[in-house]
There are 2 protein chains.
Amino acid sequence: MADIARMAGVSISTVSRALAGSPLIPDATREMISEIARANGYVVNPFARGLRLKRTQTIGVVIPLGHETRQLISDPFFLEMLGHLADEITLRGYEILLSKIAPPKPGWLETVIQSQRTDGLVIIGQSDQHEALVSASENYEPMVVWGAHLPGQTYCAVGVDNEAGGYLATRHLVDRGRRHIAFLGDAELPEIKQRHQGYLRACREFGLNYDPRLDARSEFTAETAAQASERLVMSGVEMDAIFAASDVIALAAINALKHHGKSVPDDVAVVGFDDSTIAAHTNPPLTTIRQDLQKAAKLLIENLFQRLDGNLTPGDTMAPELVIRQSS
Amino acid sequence: MADIARMAGVSISTVSRALAGSPLIPDATREMISEIARANGYVVNPFARGLRLKRTQTIGVVIPLGHETRQLISDPFFLEMLGHLADEITLRGYEILLSKIAPPKPGWLETVIQSQRTDGLVIIGQSDQHEALVSASENYEPMVVWGAHLPGQTYCAVGVDNEAGGYLATRHLVDRGRRHIAFLGDAELPEIKQRHQGYLRACREFGLNYDPRLDARSEFTAETAAQASERLVMSGVEMDAIFAASDVIALAAINALKHHGKSVPDDVAVVGFDDSTIAAHTNPPLTTIRQDLQKAAKLLIENLFQRLDGNLTPGDTMAPELVIRQSS
DNA sequence: CTGAAAGCGCTAACAA
DNA sequence: TTGTTAGCGCTTTCAG
């Protein structure tokens, strides 16, 4: 910037003001200075600027992976979400700092916040970090979380109504005449737990006999989905449907079922959750509960920018939607 | 940092050195200072640090979308690649700054470089920006590009041998007894152009009559894939196979064919390119040319860090691999 | 309208 | 082993 000032024959302050579009500088001067800057490939150094302004024009997108560490960042759910977030953030002229935290250590969130690399944070998924989020949110406002609304929650969350989604999926299977519906998913995660509660409510409401052997909700990762469904098939438990807590799990289940000579949906119907791009292309195409990730990203970023302006938004809950395909 | 120094009863420099792990500081002092920092939730400000050190511990991942602007960042190819890159970069203790450039304006790359936000750059895809990459690479070394190796190329590229891939796909279709093979893809993009050249070579080599009506290689975006294949079907040209330049295009083609009562692969065989996660789950599962994106990400980052150390690596070419499924 | 100067939080000579 | 001090490149009072 000093160079530009010298070339333009003005002071550094004038260059700074001109390039920042200050109204103090006459158009002619500004043009002249901008032209010199352009010709010399000069771009304001955002670090120095950020240091001075304490603003970075950067939004942090962080993906905490707790005890589900093996769920890669490459999981289609994260990636679809990330794509939409990127579009929304870029649209507003901010940069994106992407972090994957695996596994989260105590104080990780405070470290991210204190480092002041970003003006705001969007956390994709609560993982098992609800406590950390609660405590960080007490004195850090520009943060939004994709996930479940939990009792006593102090942070801003955007998410689908998971309980309703679980209920919807299960009711649909009952409508299809199924009575022995298995659940597959890790209920340690808040969102999955709520889906599970919806499943239980539907089971109760429609008078299904609750069989704990059908309820595979602990020690679960996407990778073990195939094994879990195989175990179900081999165990000989009566089972005519599976509600999987995600499309990835559903896909694994379908493959395991086919592998053991069970036809989908004739022998066992399968319903997933997410409606990620793979859902429409499985064989058979997967009935699932849709989460509109584009809308989700929009809501997350809208909430975040409201908060950047000092409005403490409470977050949003989206309605889940049953998408019926051929797996049920 | 001044606060911590005061609390510890030492100077700022001592704190700085202690926290940076300088060997000048005795362990006892370091422990004491670290403890105070931790207790007060103090984290070194990476901006100030970067300003001083002219290093950011950040790698920029940029996705230029040229005339194929409509190809969203949400395209599975980008997202899978991004996931693997994120893993590799995080592993090395660097942060990731994600940028989508759509559309690239003259000088965009210089701006990104001059802003000095990142220590190095990985560019995902050449798009139509070969010239820009060449000229930027003349005085900026820590940059690697995913894409084709082009004649007279001065920048470091990692990519699959696209020509060989195109040849492989086409030969496979010939092996399956097909003689009227259409090409679907935008040959404006260097990588696609090379795939097209492989296609042409195979056509020549196996004595297929070249029919320009089967050669849909201009004005192409993923979204128009369905229309293009419909046009092919409706035109009544004799066609018993399609080589699509990407899995997304292949998927669109399959849907269009089915929609018009053509069976895949009986009436028309289809081969894609990428082997993205959807490929295994289309109906029928898609025969395709695999690009190992995990390996690709590894190679890209290895090249980048070599270059960060001053070794001007030339890049790598990966062998494509034919993955035979049921669409051919 | 423009410039001089202070300072954002940090690191690294240089001095002690 | 530790402290003093001079910047890194920018913005912004404050004083012309």
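Asks: So, helix 9 (residues 190-205) of chain B: which residues are in play, and what are the values?
Replies: Residues and elements named next belong to chain B. In this model helix 9 runs 22 Å from its N-terminal to its C-terminal C-alpha over 16 residues, within 8% of the 22 Å that 1.5 Å per residue would give. Buried residues of helix 9: Pro190, Glu191, Ile192, Gln194, Arg195, His196, Gly198, Tyr199, Ala202 and Cys203, and no others. Structurally, helix 9 contributes buried residues whose contacts are with strand 4 (143-146), helix 8 (162-175), strand 6 (181-184), strand 7 (215-216), strand 8 (241-244) and strand 9 (269-274). Looking one or two places after helix 9, you find Gly207, whose phi comes out positive at around 65 degrees.

Asks: An account of the interface of chain A and chain B is requested, with residue identities and associated values reported.
Replies: Counting from both sides, the interface comprises 37 residues of chain A and, opposite them, 37 residues of chain B. Between chain A and chain B the total buried area reaches about 3600 Å² when both faces are included, carbon and sulfur atoms providing 64% of it. Among the residues of chain A in contact with chain B, Phe47, Arg117 and His281 of chain A are the three that bury the most area, contributing 20% of the side total. A salt bridge links Asp87 of chain A to Lys100 of chain B; the shortest N-O distance between them is 2.6 Å. The interface formed by chain A and chain B includes six residue pairs in polar contact (both at pLDDT 80 or more). If you list the elements that add at least two residues to the side of chain A that touches chain B, you get helix 4 (46-53), helix 5 (76-91), strand 2 (95-101) and helix 6 (108-114) of chain A. If you tally residues by element for the side of chain A that touches chain B, the top one is helix 5 of chain A, at eight residues. Per-class residue counts for the side of chain A that touches chain B are 16 nonpolar, 16 polar and five charged. Relative to strand 2 (residues 95-101) of chain B, strand 2 of chain A is paired through three bridges, and the arrangement is antiparallel.

What counts, and at which threshold
- Residues numbered from 1 in each chain as written.
- Chains lettered and ligands numbered in written order.
- Predicted model: local features only at pLDDT ≥ 70, side-chain atom pairs only at ≥ 80, totals over all residues.
- Heavy atoms only, no water.
- Helix = DSSP H or I, 4+ residues; strand = E, 2+ residues; numbered from the N terminus.
- Expected span 1.5 Å × (residues − 1).
- Buried < 20%, exposed > 50% of the residue type's maximum accessible area, 1.4 Å probe, protein only.
- Contact = heavy atoms within 4.5 Å.
- Buried area = accessible area lost by both parts, 1.4 Å probe.
- Salt bridge = Lys/Arg side-chain N within 4 Å of Asp/Glu carboxyl O.
- Polar contact = N/O pair within 3.5 Å; in protein donor to acceptor, adjacent residues only side chain to side chain.
- Nonpolar A, V, L, I, M, F, W, Y, C, P; charged D, E, K, R; others polar.
- Pairing = 2+ DSSP bridges.

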